[in-house]
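The lines below spell out each chain.
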Amino acid sequence: MTPFTYEGFAGHVTFGRGAVARLGEVMERQGVHRALLLSTPHQADQARETTHGIRDGIVGIFAEAAMHTPVHITARGEVVLRECGADCVIALGGGSTIGLGKALAVRTGVRHIAIPTTYAGSEMTPILGETQNGRKTTRRSLAIQPNAVIYDVDLTLGLPAVISGTSGINAIAHAVEGLYARDTNPVMQLIAQEGIRALAVALPRIVADGADVGPREQALYGAWLCGMVLGAVGMALHHKLCHTLGGDFDLPHADTHAIVLPHAVAYNAAAIPEAMAMLRKALGRNDPARALYDLANDVGAPRSLSSIGMPKEGIAIAAGHAVENAYWNPRAIEHDAIHDLIARAWAGDAPKEDHE
Ligand code: NAD
């Protein structure tokens with residue numbers, strides 16, 4: 001067995017249908033009594049209704065959370081937080097709202113209770129990405145990780161089917177790369193396999209019927225596990241490539257992940273035999289790259305980078321950028337093979353393992 005280090009997780013997790021009814025108890029446990037409620041404009045009503053039971057503990061609402069945590073919005077939120085004298089933030093929503101919760105908590109030292117309503121997994125990570133003047137910076141610190149998380153399955157029932165599917169595959173991508181991360185460990189590999197299994201079974205069922213509670217429960221459980229993996233170990237080719245593609249061509253985040261993941265797995269396959277065996281087990285298929293390609297199709301994700309707006313001449317540009325900055329990956333980053341990977345993803349072809 002490869003030697004490893006493992007760091008346990010801080011943070012308190014409450015999971016289940018109607019779990020948000022225990023918000024008062026969770027606040028009590030955190031020793032806080034005056035919450036600033038955070039959401040996107042779109043989820044402001046849901047945030048208010050959901051926290052109605054503890055309305056005396058809510059001293060303000062700031063419903064301006066936006067994608068990629070813009071610093072000027074955080075600054076406005078900080079003014080509101082100080083004016084209302086809050087001793088904690090409650091972030092109800094997806095990765096955007098939880099990002100705002102992290103940004104406020106790390107600036108002011110207040111406690112952070114996250115109530116996720118998507119499968120992105122930010123609530124389980126000590127990572128914060130912020131944007132200023134169009135530039136994104138990312139930092140990592142234990143002070144960024146939310147202190148408590150409430151997973152209430154009922155809050156996810158209204159998440160639209162296609163967003164459920166692509167954000168679920170985004171979560172799977174975190175766990176897949178966690179299986180072969182340079183700093184992986186046996187505990188994270190167990191968690192990653194279970195997260196992938198739960199989501200792969202649940203997502204097509206959610207797309208068939210978004211109000212079916214059983215698969216929603218499995219998906220949220222899987223999202224929790226995959227988020228733990230993202231928070232604990234480093235990522236590799238798949239994430240770097242999605243970052244490059246997203247930055248170069250302004251492509252939608254979750255769709256890009258769903259398209260690239262099968263190809264990234266195929267690229268690395270020969271270099272990661274143990275992780276491939278784990279993936280076979282988790283997905284219940286002998287051909288994990290193809291299984292992930294089929295899963296993306298089953299949940300209605302776009303098949304090709306061309307269909308989400310990447311121009312054909314972008315293949316060569318992205319291949320050039322992908323090999324420019326050195327980063328760790330189980331297989332060396334080879335220009336021609338990366339070019340071939342991106343070309344297949346652009347066209348929507350099935351993934352091809354090099355040793356096939
Ligand atoms: P999101 O938070 O941007 O939400 C997308 C939209 O869906 C929003 O309008 C939101 O209000 C709405 N929505 C969310 N849940 C809903 C529900 N249950 N029903 C109806 N509408 C709902 O999307 P996301 O994919 O959760 O998060 C993406 C962001 O999170 C990106 O900025 C990404 O970089 C970040 N992220 C960060 C980390 C991290 O560890 N720091 C991890 C994953 C994602």
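Remember, it's a predicted structure, so these values are computed and weren't measured experimentally. (Residues numbered from 1 in each chain as written. Predicted model: local features only at pLDDT ≥ 70, side-chain atom pairs only at ≥ 80, totals over all residues. Heavy atoms only, no water.)

J.: Got a minute to help me understand the overall build of the protein in this structure?
T.: A tally of regular secondary structure across the protein gives 13 helices and eight strands. Compactness check: the protein gives a C-alpha radius of gyration of 20 Å against a globular reference of 21 Å for 356 residues, within 12% of the reference. For the protein, the C-alpha atoms occupy an extent of roughly 60 × 40 × 40 Å along the three principal directions. When contacts within the protein are restricted to residue pairs at least 6 apart in sequence, long-range pairs at least 24 apart make up 75% of them. Accessible area of the protein: about 14900 Å², with a carbon and sulfur share of 51%. The average position of the 29 basic charges and that of the 36 acidic charges among the side chains of the protein differ by 3 Å. (Helix = DSSP H or I, 4+ residues; strand = E, 2+ residues; numbered from the N terminus. Rg over C-alpha atoms; globule rule 2.2 N^0.38 Å. Contact = heavy atoms within 4.5 Å. Areas by Shrake-Rupley, 256 points an atom, 1.4 Å probe, with all protein chains shown as cover. Lys, Arg positive; Asp, Glu negative; His and termini not counted. Charge placed at Lys NZ, Arg CZ, Asp CG, Glu CD.)

J.: Which parts of the structure should I look at to understand the domain arrangement of the protein?
T.: Interface extent is often summarised as the accessible area lost during association of the parts. If you check the domain split of the protein, you get domain 1 (12-156) and domain 2 (161-347). Between the C-alpha centres of domain 1 and domain 2 the distance comes to 27 Å. Contacts between the two partners involve 16 residues from domain 1 and, on the opposite side, 20 residues from domain 2. Buried area between domain 1 and domain 2, both sides added, is near 1600 Å², and the carbon and sulfur share of it is 71%. At the boundary of domain 1 and domain 2, one finds zero salt bridges. Along the contact surface separating domain 1 from domain 2 lie three residue pairs in polar contact (both at pLDDT 80 or more). Among the residues making up the side of domain 1 that touches domain 2, the classes are represented as nine nonpolar, four polar and three charged. (Domains from an automatic or database assignment. Buried area = accessible area lost by both parts, 1.4 Å probe. Salt bridge = Lys/Arg side-chain N within 4 Å of Asp/Glu carboxyl O. Polar contact = N/O pair within 3.5 Å; in protein donor to acceptor, adjacent residues only side chain to side chain. Nonpolar A, V, L, I, M, F, W, Y, C, P; charged D, E, K, R; others polar.)

J.: Explanation requested: the layout of surface pockets in the structure shown.
T.: A water-sized probe, rolled over the atoms, reveals where empty space remains. Estimated volume of the second largest pocket: approximately 440 Å³. Secondary structure elements with two or more residues in the lining of the second largest pocket: α6 (186-208) and α10 (273-283). (1 Å grid on protein atoms, 1.4 Å probe; cavity = no way out; pocket = protein on both sides within 12 Å on 5 of 7 lines; lining within 4 Å. Points joined across faces, edges and corners; volume = space filled by probe spheres on them.)

J.: Got a minute to help me understand the sheet that holds strand β8 (residues 148-152) in this structure?
T.: What holds strands together in a sheet is hydrogen bonding between their backbones, with the strands either parallel or antiparallel. Strand order across the open sheet formed by six strands is β1-β8-β5-β4-β2-β3, with parallel pairing between neighbours. Both outer strands of the open sheet, β1 (12-16) and β3 (58-62), are each paired with one neighbouring strand and no more. Each adjacent strand pair in this sheet contributes to an overall mean axis angle of 15°, direction not counted. Relative to strand β5 (residues 111-116), strand β4 (residues 88-93) runs parallel, the two sharing six bridges. Note on β5: the bridge partner recorded for Val-89 is His-112. Sheet contacts for helix α1 (residues 23-30): β1, β2 (35-38), β4, β5 and β8; angle to β5, the most-contacted strand, approximately 155°. Of the strands in this sheet, β2, β3, β4 and β5 touch helix α4 (residues 95-108), which is tilted by about 165° from β4. (Pairing = 2+ DSSP bridges. Axes fitted to C-alpha atoms, helices over the stretch in contact; angles between N-to-C directions.)

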